[in-house]
Amino acid sequence: MYILFPIGIMYYFGINLDERFAVPNFWPRKEETHRIPFEKVEIREELERLRKRRLERRERRLSAEKGAGGQEDQ
């Protein structure tokens, strides 16, 4: 009886794995994934996009620090 217990567990979890444990839309579609730029123009565009994003975040961080710093002085 005890020997059949692990076999029963393996059988229970071993059948219909796709139906039981599959998550719909788990893997991203090709257009949703990152694409590595290889051309010089694409590399420049990507660097410019990252630079702009970094500067926007820096501006937001600095303005938040100014706002928080002004409240602490009062």
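Treat the numbers as computed from the prediction; the structure is a model and nothing was measured.

### Some points on the environment of Ile36
Thought 1: Residue placement: Ile36 occurs in the loop between α2 (17-21) and α3 (40-73).
Thought 2: On a C-alpha basis, the gap between Ile36 and Glu46 in space is 9.5 Å, while along the polypeptide they are 10 residues apart.

### A short note on the packing of aromatic side chains
Where two aromatic rings form a pair, the distance of their centres and the angle of their planes describe that pair.
Thought 1: Summed over all chains, the structure comprises one aromatic pair.
Thought 2: Each ring, one from Phe26 and one from Trp27, has its centre 4.9 Å from the other, and the planes form 85 degrees; the classification is edge-to-face. Like Trp27, Phe26 is exposed.

### So, a nonpolar patch on the surface
Thought 1: Side chains of Phe5, Ile9, Tyr12, Phe13, Leu17 and Phe21 sit close together on the surface and give an oily, nonpolar patch of about 640 Å² of accessible area.
Thought 2: The biggest single contributor to the nonpolar patch is helix α1 (residues 4-14), with four residues.
Thought 3: On the basis of relative accessibility, which here comes to 42%, the residue Phe13 falls in the partly exposed class.

### What to know about the pattern of salt bridges
It is possible for side chains of opposite charge to pair when their charged atoms get near one another.
Thought 1: Here the structure, examined in full by the defined rule, presents six salt bridges.
Thought 2: Put simply, Glu48 and Arg51 hold a salt bridge, and the shortest N to O gap is 3.1 Å. You can see Glu48 and its partner Arg51 sitting in helix α3, three residues apart, about one turn around the helix.
Thought 3: In this structure Arg51 comes out as partly exposed when scored by relative accessible area, which is 39%.

### Focus: unusual backbone geometry
Thought 1: Positive phi, close to 55 degrees, is recorded for Asn25, a residue that is not glycine.
Thought 2: Counting through the fold element by element, Asn25 comes out in the loop between α2 and α3.
Thought 3: Classification of Asn25 by relative accessible area gives exposed; the value is 73%.

### Topic: the confidence of the model for the protein chain
Thought 1: Per-residue confidence for the protein chain gives a mean pLDDT of 83, with 89% of residues at or over 70.
Thought 2: Averaged pLDDT values over the elements of the protein chain bottom out at 73 in α2 and peak at 90 in α3.

About the cut-offs
Residues numbered from 1 in each chain as written. Predicted model: local features only at pLDDT ≥ 70, side-chain atom pairs only at ≥ 80, totals over all residues. Heavy atoms only, no water. Helix = DSSP H or I, 4+ residues; strand = E, 2+ residues; numbered from the N terminus. Phe/Tyr/Trp six-rings, centres within 6.5 Å; stacked < 30°, edge-to-face > 60°. Buried < 20%, exposed > 50% of the residue type's maximum accessible area, 1.4 Å probe, protein only. Patch = residues over 30% accessible without salt bridge, like charges linked within 9 Å, V, L, I, M, F, W, Y side chains within 5 Å. Areas by Shrake-Rupley, 256 points an atom, 1.4 Å probe, with all protein chains shown as cover. Salt bridge = Lys/Arg side-chain N within 4 Å of Asp/Glu carboxyl O. pLDDT = per-residue confidence, 0-100.

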